Amino acid sequence: MVLKDEVLNLLQEVAPEVDLGSLDLNLPLRDQVDIDSMDFLNFLGRIYETLGVNVPESDYASLRCLNDLLQYLEKKRGGAP
Amino acid sequence: MDKGKLVSWLVKEGDRVKKGDVIAVVETQKSAVDVEVWQDGTVEKILVQPSEADLPVGTVLALLGGDGEAAAPPAEAVPKKAPAAATRPAVAARPLPPTVPGERAKISPAARRRAEEFRLDLAKLRGSGPEGAVVLEDVEAAIAAQTPAAGLPASGAQDKQLAMRRAIAAAMEKSHREIPLYFLETLIPMERALSWMEARNRDRPPNERLLYVALLLKAVALALREVPEFNGYYLNGAFQPGPGIHLGVAVSLREGGLQAPAIHDVDQKDLSRIMAEAQGLVKRVRGGGLKGSELTDPTITVTSLGEEGVEKVFGLIYPPQVAIVGFGKVYQAPLVEEGQVVARRAITAVLSADHRANDGHRGALFLKAIQRRLQEPEKL
């Protein structure tokens, strides 16, 4: 499965009400879906469990859009030993 | 209607109830129905807990004790009178008082004005006042019952939504009607607490990290040990201390509505445990699986609306609790340190409290205790 689909599936798990089809990957996620800090933490928790990438709090600010997150994950995974 | 589901209790054992009080919400195929008490008394025993199970009409839900009598006749059941349509559940669930044909309906002047304002048919109003007289409350109930459901097609999700909306409406109407509120607020510097938490989170994977709400909950719980008169219930004209420090945590649903189930004995739990339990509560509020006791036994409520981007929230108390603490968002506030104005992260705490049960002086001590606890995050 491509990374994008995997990440979207995890988002759907955390927030089942979200209509994935209507998401613009280049707009800030929080402006489009009603997710709070606990949802976001759960989302990152699932990313850590399934993709093995640990996103530290200090990087949250740079991950506003889903595309930011996808690029971040690509880089982290590519650079992992 | 031949069966229903018990959605929630609005009273607990030992509560005194008056004729006309809404004590529970039952969901039927068509709508959510308030179960009302038909006589004054005390809730002796709750026999059925809210669940997904279908209950046949006639099921005894609770036993009521009359004033000064030992016998506890079965007092409420799944209401037998089925609402004909989804439009007036509260009224339909109430038994008709005997009326003499041709006699002019007894109605209070205020009730008449209100009914006419909403063009209600006076003859169809059921009265709960003396000799079956229609009083203002009856009219308000009829208006409330009529408005939201009118014309809505029934579906499972909408029934649930409606049931939750009505449960909130019943509790908040009672709260607003009965509780003389006072409000206190204070700005709490959060730099120390947040820096401490960020350092703690740094080397941990997401599922072991804290959110600041866990710190707020623990600080409130420890503060309540110092001012216990905010932790408990106002019942029978007197304050009764809670059996433990059980914080109701207001959790909103994305599709609307909210619930405030309890995390028990928060003062005795460490931050990781409080965080894990808060996450579990949010999951169950949104995904199902809440236990009835979690909804009925909070001894105080905490709401954190920070995510919505507002600085303050002035909450309404969930009766019979006597206080609710509301937190706004964390923001950069101009604070004065050593004579200089500096920008520091801070949060505003607002206490809404029941003036029947406690006073502003103690309320101020409560807020100050929360503030003090948050300046020593390592001790939380």
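Along each chain, residue indices are assigned from 1 in the same order as the chain's sequence is written. Each chain takes a letter, starting from A, and each ligand takes a number, starting from 1, following the order in which they are written. Restriction of local features to residues with pLDDT of at least 70 applies here, the model being predicted, together with a cutoff of 80 or more for giving and counting side-chain atom pairs; totals for whole chains, interfaces and linings are based on all residues. As a rule here, side-chain values cover all heavy atoms of the structure and leave hydrogens and water aside.

Quick look at the nonpolar core
Piece 1. In terms of nonpolar packing, the biggest core is built from 55 residues, with L217(B), F230(B), L247(B), F327(B), F366(B), I370(B) and L374(B) touching the most fellow members.
Piece 2. Numbering goes from the N terminus for both helices and strands, where a helix is a DSSP run of H or I of at least four residues and a strand is a run of E of at least two. Sorting elements by how many residues they give to this core places helix α6 (residues 212-226) of chain B first, with twelve residues.
Piece 3. Setting aside its immediate chain neighbours within four residues, L247(B) contacts L217(B), V220(B), A221(B), L224(B), P261(B), A262(B), I263(B), V266(B), P298(B), I300(B) and V302(B).
Piece 4. Here, nonpolar core refers to any group of buried Ala, Val, Leu, Ile, Met, Phe, Trp, Tyr and Cys residues whose side-chain atoms link them within 4.5 Å. Exposure categories follow from relative accessible area, calculated using a 1.4 Å probe and restricted to protein chains: below 20% of the type maximum is buried, above 50% is exposed, and the middle band is partly exposed. With 26 residues, the next largest nonpolar core counts L10(A), L25(A), L29(A) and V55(A) among its residues. The criterion used for residue contact is that any of the two residues' heavy atoms lie within 4.5 Å.

So, the pattern of salt bridges
Piece 1. The term salt bridge refers to a pairing of a side-chain nitrogen on Lys or Arg with a carboxyl oxygen on Asp or Glu at a separation within 4 Å. The tally for this structure, following the rule as stated, stands at 20 salt bridges over all chains.
Piece 2. With a closest N to O distance of 2.9 Å, R345(B) and E191(B) form a salt bridge. Within this pair, whereas R345(B) is found in strand β19 (residues 340-354), its partner E191(B) is found in helix α5 (residues 191-202), the two being separated by 154 residues in sequence.
Piece 3. For E191(B), a relative accessible area of 25% puts it in the partly exposed group.
Piece 4. One salt bridge in this structure joins E226(B) and R372(B), with 2.7 Å as the shortest N-O distance. Taken together, the residues span a long stretch of sequence, with E226(B) in helix α6 and R372(B) in helix α9 (residues 360-374) at a distance of 146 residues.
Piece 5. Taking the relative accessible area as the measure of exposure, E226(B) reaches 32% and is therefore partly exposed.
Piece 6. Connected through shared salt-bridge partners, E13(A), R46(A) and E49(A) make up one network.

Some details on the interface of chain A and chain B
Piece 1. Across the boundary between the two partners, chain A contributes 22 residues, which contact 19 residues of chain B.
Piece 2. Between chain A and chain B, the buried area comes to about 1,700 Å², and carbon and sulfur atoms account for 50% of it.
Piece 3. Buried area: the accessible area, evaluated with a 1.4 Å probe, that two parts lose upon being put together, summed over both parts. Of all residues in chain A, the largest losses of buried area upon contact with chain B belong to M38(A), L41(A) and E57(A), amounting jointly to 38% of the total for that side.
Piece 4. Note that D36(A) is salt-bridged to R286(B), the shortest N-O span being 3.3 Å.

Some words on the packing of helix α1 (residues 3-14) of chain A against helix α3 (residues 37-51) of chain A
Residues and elements named next belong to chain A.
Piece 1. Axis definition: a line fitted to C-alpha atoms, limited for helices to the stretch in contact. Angles are taken between N-to-C directions and run from 0 to 180 degrees. Two numbers describe how α1 lies on α3: the axes approach to 9 Å, and their chain directions differ by 135 degrees. The angle between the axes of α1 and α3 places the two elements in the oblique class. The way α1 lies across α3 gives a crossing that is right-handed. Of α3, the residues touching α1 (which contributes L3, E6, V7, L10, L11, E13 and V14) are D39, N42, F43, R46, I47, T50 and L51.
Piece 2. A class-by-class count of the residues in the contact of α1 with α3 yields eight nonpolar, two polar and four charged. Each angle gets one of four labels, with under 35 degrees taken as roughly parallel, over 145 as roughly antiparallel, 65 to 115 as roughly perpendicular, and the rest as oblique. For any helix crossing, the convention is left-handed if the near helix is rotated counterclockwise from the far helix by under a right angle, and right-handed if that rotation is clockwise. Think of it as three bins: nonpolar holds Ala, Val, Leu, Ile, Met, Phe, Trp, Tyr, Cys and Pro, charged holds Asp, Glu, Lys and Arg, and polar takes everything else, Gly as well.

With respect to the side chain of S8(B)
Piece 1. Note that S8(B) resides in strand β1 (residues 3-9).
Piece 2. Ignoring anything within four residues of it in the chain, the contact list for S8(B) reads I23(B), A24(B), V25(B), P50(B) and A167(B).

Some remarks on the packing of aromatic side chains
Residues and elements named next belong to chain B.
Piece 1. Paired rings are identified among Phe, Tyr and Trp, the last through its six-membered ring, by centres lying within 6.5 Å, and are further divided according to the angle between planes into stacked (under 30 degrees), edge-to-face (over 60) and tilted (the rest). In the structure shown here, the tally under the stated rule is four aromatic pairs over all chains.
Piece 2. Seen in terms of ring centroids, F230 and F366 are 5.1 Å apart; in terms of plane orientation they differ by 25 degrees. Their pairing is stacked. Note that F230 is positioned in the loop between α6 and β10 (232-235) and F366 in helix α9, a separation of 136 residues in sequence. One exposure class covers both F230 and F366, and it is buried.
Piece 3. Here, a charge over a ring is recorded when the distance from Lys NZ or Arg CZ to the ring centre is within 6 Å and its angle to the ring normal is within 35 degrees. Of note, K12 hangs over the ring of Y233, and the distance from its end group to the ring centre comes to 4.3 Å.

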